[in-house]
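Close look at the chain arrangement
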Amino acid sequence: MTKIQIETIPILPFGMLNSFLIVHGDDAILVDTGLPKSEAKIFKTLKKLGLSWSNVKLIVLTHAHIDHAGSAVAIKALTSAPIWAHAREVPYCSGQPPKLAATGPFGWTFQKTGAIERPFPYFKPDEIMTAGEIGLEDRGFPLKIIHTPGHTPGSVSVLLENDRVIAGDLAASGVLLGGIALRNKPKRPPFEEDRLAVATSLELLLQRGCKTFYLGHGGPLNADRIEKHVSTLRRVQA
Ligand SMILES: [Zn+2]
Ligand SMILES: [Zn+2]
């Protein structure tokens, strides 16, 4: 059986912002599209793997913040692949401003820059997930997409066989935006809509046996680190 591979796409250097390619044979799924104008960075990773735009069969959005959904429209035009998002994320895909609940000083400062609220090319997802979990085996990908709300209401995680999961912004690691240094140290991303829902979603992924957590900012983190982060989330006041 062909091995399924996760390739990190560095949208920003030092792990500050990652998208991912899931590659299975000649087919690939792009998980998150980065900030607007990330096409060249995504193509560079495809090329490195000997692939092209036409190999991308699906674009999955872990959520619709600008740093994950900013190039969705452009990538869809290049690949003809459908965009997949959860029903509860559709308002953000169509331009509703994100609810920004800052998790600390970096989030407050970041919010003042207005960077995360900048408009980007909005869209209606082609495939809208309403179930809690959907398997993509019938499309040739041995993986599941799981609704893991908290960071935003329609956040999803992509769970692969071999205990790996792409968990978007359910957690982050490193300093500032993420990555750079201390990449083993989990932290909350700059914004989080519902802290306790994040804890519950991470617990669900741990119960499902996830051992390696690939993240939008920083990471990857192992299950021990995520477990510690969950208890921190449960302890934090408000
Ligand atoms: Zn986010
Ligand atoms: Zn993010």
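Look up a bit, the structure's there.
Values in this document were obtained by computation on a predicted structure and should not be read as measured data.

**Some thoughts on the coordination of the zinc ion (ligand 1)**
Protein coordination of the zinc ion (ligand 1) is provided by His63 (NE2), His65 (ND1), His151 (NE2) and Asp169 (OD), with donor distances spanning 2.1 to 2.3 Å. Between consecutive donor residues of the zinc ion (ligand 1), the sequence gaps follow H-x1-H-x85-H-x17-D. Separating the zinc ion (ligand 1) and the zinc ion (ligand 2) is a distance of 3.4 Å, and Asp169 donates to both of them. One end of the pair, His65, is in the loop between β4 (56-60) and α2 (66-69); the other, His151, is in the loop between β8 (143-147) and β9 (156-160), with 86 residues separating them in the sequence. By relative accessible area, His65 is classed as buried at 2%.

**Things to note about the packing of helix α6 (residues 195-207) against helix α7 (residues 223-235)**
Where α6 meets α7, the axes come as close as 9 Å, and the angle between the chain directions of the two elements is 150 degrees. Here α7 runs roughly antiparallel to α6, going by the angle between their axes. Crossing angle aside, the handedness with which α6 passes α7 is left-handed. Across from Arg195, Leu196, Val198, Ala199, Thr200, Leu202, Glu203 and Leu206 in α6, the residues of α7 making contact are Ala223, Ile226, Glu227, His229, Val230, Leu233 and Arg234. Class assignment for the residues of the contact of α6 with α7 results in nine nonpolar, two polar and four charged.

**Regarding the sheet that holds β8**
Reading across from one edge, β7-β8-β9-β10-β13-β14 is the order of the six strands in this open sheet, with mixed pairing throughout. Two strands in the sheet have a free side with no partner beyond their single neighbour: β7 (133-135) and β14 (221-222). Here five bridges tie β8 to β9, and the two strands are oriented antiparallel to one another. Note that in β9 the partner of His147 across the bridge is Val156.

**Notes on the side chain of Glu192**
Within the element layout of this structure, Glu192 appears in the loop between β12 (186-187) and α6. By relative accessible area, which is 3% here, Glu192 ends up buried.

**Points about the pattern of salt bridges**
For the structure shown, the criterion picks out seven salt bridges. The salt bridge partner of Arg139 is Glu127, with a shortest N-O separation of 2.4 Å. Separated by twelve residues along the polypeptide, Arg139 in the loop between β7 and β8 and Glu127 in strand β6 (residues 127-129) bring together distant segments of the chain.

**Notes on the packing of aromatic side chains**
Following the criterion strictly, the structure yields three aromatic pairs and no others. A ring pair is formed by Phe20 and Tyr214, whose centres lie 5.9 Å apart and whose planes are at 75 degrees; its orientation type is edge-to-face. With Phe20 in strand β2 (residues 17-24) and Tyr214 in strand β13 (residues 212-214), this pair connects stretches of sequence that are 194 residues apart.

**Side note on unusual backbone geometry**
Between Gly219 and Pro220 the backbone carries a cis peptide bond, its omega angle lying at -5 degrees. Along the chain, the position of Pro220 falls in the loop between β13 and β14. We note that Lys37 has phi near 70 degrees; this positive angle belongs to a residue other than glycine. Here the phi dihedral of Ser80 falls at roughly 60 degrees; this positive angle occurs in a residue that is not glycine. With respect to the element layout, Ser80 can be found in the loop between α3 (72-79) and β5 (83-86). Since its relative accessible area comes to 64%, Ser80 is described here as exposed.

**Notes on the coordination of the zinc ion (ligand 2)**
Every protein donor of the zinc ion (ligand 2) is listed here as Asp67 (OD), His68 (NE2), Asp169 (OD) and His217 (NE2), and their distances to the metal cover 2.1 to 2.2 Å. Judged by relative accessible area, Asp169 falls into the buried class, the value being 4%.

**A closer look at helix α1 (residues 39-48)**
Residues of α1 that are buried include every one of Ile42, Thr45 and Leu46, and no others. Down the axis of α1, the smallest arc covering the buried residues is 105 degrees, so these residues share one side. Facing away from the buried side of α1, by more than 90 degrees, are the exposed residues Ala40, Lys44, Lys47 and Lys48. In this structure, the buried side of α1 is in contact with β1 (4-12), β2, β3 (27-31), β4 and α3. Gly50 sits one or two residues past α1 and shows a positive phi near 75 degrees.

Quick notes on the rules
- Residues numbered from 1 in each chain as written.
- Chains lettered and ligands numbered in written order.
- Predicted model: local features only at pLDDT ≥ 70, side-chain atom pairs only at ≥ 80, totals over all residues.
- Heavy atoms only, no water.
- Donors = N, O, S within 2.8 Å, 3.2 Å for Na, K, Ca; no water.
- Helix = DSSP H or I, 4+ residues; strand = E, 2+ residues; numbered from the N terminus.
- Buried < 20%, exposed > 50% of the residue type's maximum accessible area, 1.4 Å probe, protein only.
- Axes fitted to C-alpha atoms, helices over the stretch in contact; angles between N-to-C directions.
- Parallel < 35°, antiparallel > 145°, perpendicular 65-115°, else oblique.
- Left-handed = near helix turned anticlockwise from the far one by under 90°.
- Contact = heavy atoms within 4.5 Å.
- Nonpolar A, V, L, I, M, F, W, Y, C, P; charged D, E, K, R; others polar.
- Pairing = 2+ DSSP bridges.
- Salt bridge = Lys/Arg side-chain N within 4 Å of Asp/Glu carboxyl O.
- Phe/Tyr/Trp six-rings, centres within 6.5 Å; stacked < 30°, edge-to-face > 60°.
- Arc of directions from axis to C-beta.

Purely geometric stuff here, so don't read any function into it on its own.
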